[in-house]
Amino acid sequence: MKKLVFFMAALFMTLAAQAQDGLKLGLKAGGNYASVTGDVTDAKYKFGFHAGGFLDYGISDFVSIRPELLFSMKGYEAATPLGDAEVSLNYLDLPILARINADGLFFEGGPTLGYLLSSSMEIGGKSLDGDDDGMAKFELGYAAGLGYQLPTGLGIGLRYQGGITSIFDDSDGKARNSVFQLSLSYTLGGR
């Protein structure tokens, strides 16, 4: 895990060091409203947050590619025979998005890759912190969203991120992450 984080940080630094006029750096943070779809009965949404950084490479005035590296809290709540359950999943997410920019208004979409950093479960008020047994370490997904960015670089965005692969290792359980994100961002050097 430490090697993956080190590699991603080194990649971002290398790209930033070679920055040209079309490459901009930025920070973003916001709230997550997360649950799962699939084989989990009566799953409910829970709140979390996300935070991280991004590179924005402008291909033209209207199109850019934006890889992001985010810490993201996901999970869900559900009723079980043993009591109410709350599952917390912490991911390192790497969305690679194509963005269409139109006078500050933007639309974005693309694939995401997630790495499970930790998981915990609480059932009936009892904590069952585990070693991620039964949870898939990698997640493949997609993201789509829209937002607005001011010329100063300050932006706000709303995004949906859905999982394609199951959060469970075994083939019996097919539950996929479903996350709505509301973010504030700041692009260094403005829009």
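The written sequence of each chain sets the order in which its residues are numbered from 1. Selection of residues for local features in this predicted model requires a pLDDT of at least 70, selection of side-chain atom pairs for listing and counting requires 80 or more, and totals for whole chains, interfaces and linings are taken over all residues. Each side-chain value is worked out from all heavy atoms of the structure, with water and hydrogens disregarded.

**A look at unusual backbone geometry**
It is generally the case that most residues other than glycine have a negative phi and that most peptide bonds are trans. Phi angles above zero are rare outside glycine, and Asp-103 is one such case at about 50°. Among the structural elements, Asp-103 can be located in the loop between β4 (83–102) and β5 (105–123). Only protein chains enter the accessibility calculation, which uses a 1.4 Å probe; a residue is then buried when its area is under 20% of its type maximum, exposed when over 50%, and partly exposed in between. Given a relative accessible area of 72%, Asp-103 falls into the exposed group. Secondary structure counts use DSSP, requiring at least four H or I residues in a row for a helix and at least two E residues in a row for a strand, with both numbered from the N terminus.

**Some remarks on the packing of aromatic side chains**
Any Phe, Tyr or Trp ring, taking Trp's six-membered ring, that has another such ring centre within 6.5 Å forms a pair; planes under 30 degrees apart are called stacked, those over 60 apart edge-to-face, and the others tilted. Following the criterion strictly, the structure yields seven aromatic pairs and no others. Note on Tyr-33 and Phe-47: the rings are 4.9 Å apart at their centroids and 40° apart in plane angle, and the pair reads as tilted. Of this pair, Tyr-33 sits in strand β1 (residues 23–38) while Phe-47 is found in strand β2 (residues 46–58), placing the two residues 14 residues apart along the sequence. The exposure class assigned to Tyr-33 is partly exposed, which follows from its relative accessible area of 34%. The class for Phe-47 is exposed, based on a relative accessible area of 68%. Three or more aromatic residues joined by ring pairs form one cluster here, namely Tyr-33, Tyr-45, Phe-47, Tyr-142, Tyr-160 and Phe-180.

**A few points about the pairing of strand β8 (residues 154–163)**
For a regular strand, side-chain orientation follows a simple rule: the groups alternate between the two sheet faces. At least two bridges found by DSSP between two strands is the condition for calling them paired. Two strands pair when backbone bridges link them, and strand β7 (residues 138–149) and β8 are joined in this way by nine bridges, in the antiparallel orientation. Considered in β8, the bridge of Ala-143 is made with Gln-161. In sequence, β7 turns back onto β8 through a hairpin of four residues, with Gly-153 there showing a positive phi of about 105°. Bridge analysis of β8 against strand β9 (residues 175–187) gives nine bridges, and the strand direction is antiparallel. Across the sheet, Tyr-160 pairs through a bridge with Phe-180, a residue of β9.

**Structural notes on the environment of Leu-27**
Locating Leu-27 in the fold gives a position in strand β1. For the pair Leu-27 and Ala-51, spaced 24 residues apart in sequence, the C-alpha separation works out to 7.8 Å. Filtering out sequence-adjacent residues up to four positions away, Leu-27 remains in contact with Gly-52, Gly-53, Phe-54, Leu-184, Ser-185 and Tyr-186. When checking whether two residues touch, look at their non-hydrogen atoms; a contact exists if any pair is within 4.5 Å.

**Observations concerning the pairing of β5**
Across 16 bridges, β4 lies against β5 in antiparallel orientation. Bridging across to β5, Ser-88 finds its partner in Ser-120. In sequence, β4 turns back onto β5 through a hairpin of two residues, with Asp-103 there showing a positive phi of about 50°. One ladder, built from eleven bridges, connects β5 with β7; its direction is antiparallel. Residue Glu-108 lies in a different strand from β7, and its bridge partner there is Gly-145. Of the strand pairs in this sheet, β5 and strand β6 (residues 126–127) are connected by two bridges, and their pairing is antiparallel. Looking across to β6, one finds that Glu-122 is bridged to Ser-127. What sits between β5 and β6 in their antiparallel hairpin is a turn of two residues, with Gly-124 showing a positive phi close to 60°.

**Structural notes on the pattern of salt bridges**
Pairing is possible between side chains of opposite charge, provided their charged atoms come close. Any carboxyl oxygen of Asp or Glu that lies within 4 Å of a side-chain nitrogen of Lys or Arg is treated as forming a salt bridge with it. Following the criterion strictly, the structure yields nine salt bridges and no others. When the shortest N-O distance is used, the salt bridge between Lys-46 and Glu-86 registers 3.0 Å. Of this pair, Lys-46 sits in strand β2 while Glu-86 sits in strand β4; the two residues are 40 residues apart in sequence, bridging distant segments of the chain. For Lys-46, a relative accessible area of 10% gives the class buried. For Glu-139, the salt bridge is made with Lys-74, and the minimal N-O distance between the two is 3.1 Å. A residue pair is termed long-range when its members are at least 10 positions apart, and Glu-139 in strand β7 and Lys-74 in strand β3 (residues 63–80) qualify at 65 residues. The exposure class assigned to Glu-139 is buried, which follows from its relative accessible area of 4%. Residue Lys-74 is classed as buried on the basis of its relative accessible area, which comes to 2%. Look at the salt bridges and you will find they share partners, linking Lys-28, Asp-56, Arg-66, Glu-68, Arg-99, Glu-108 and Arg-159 into a network.

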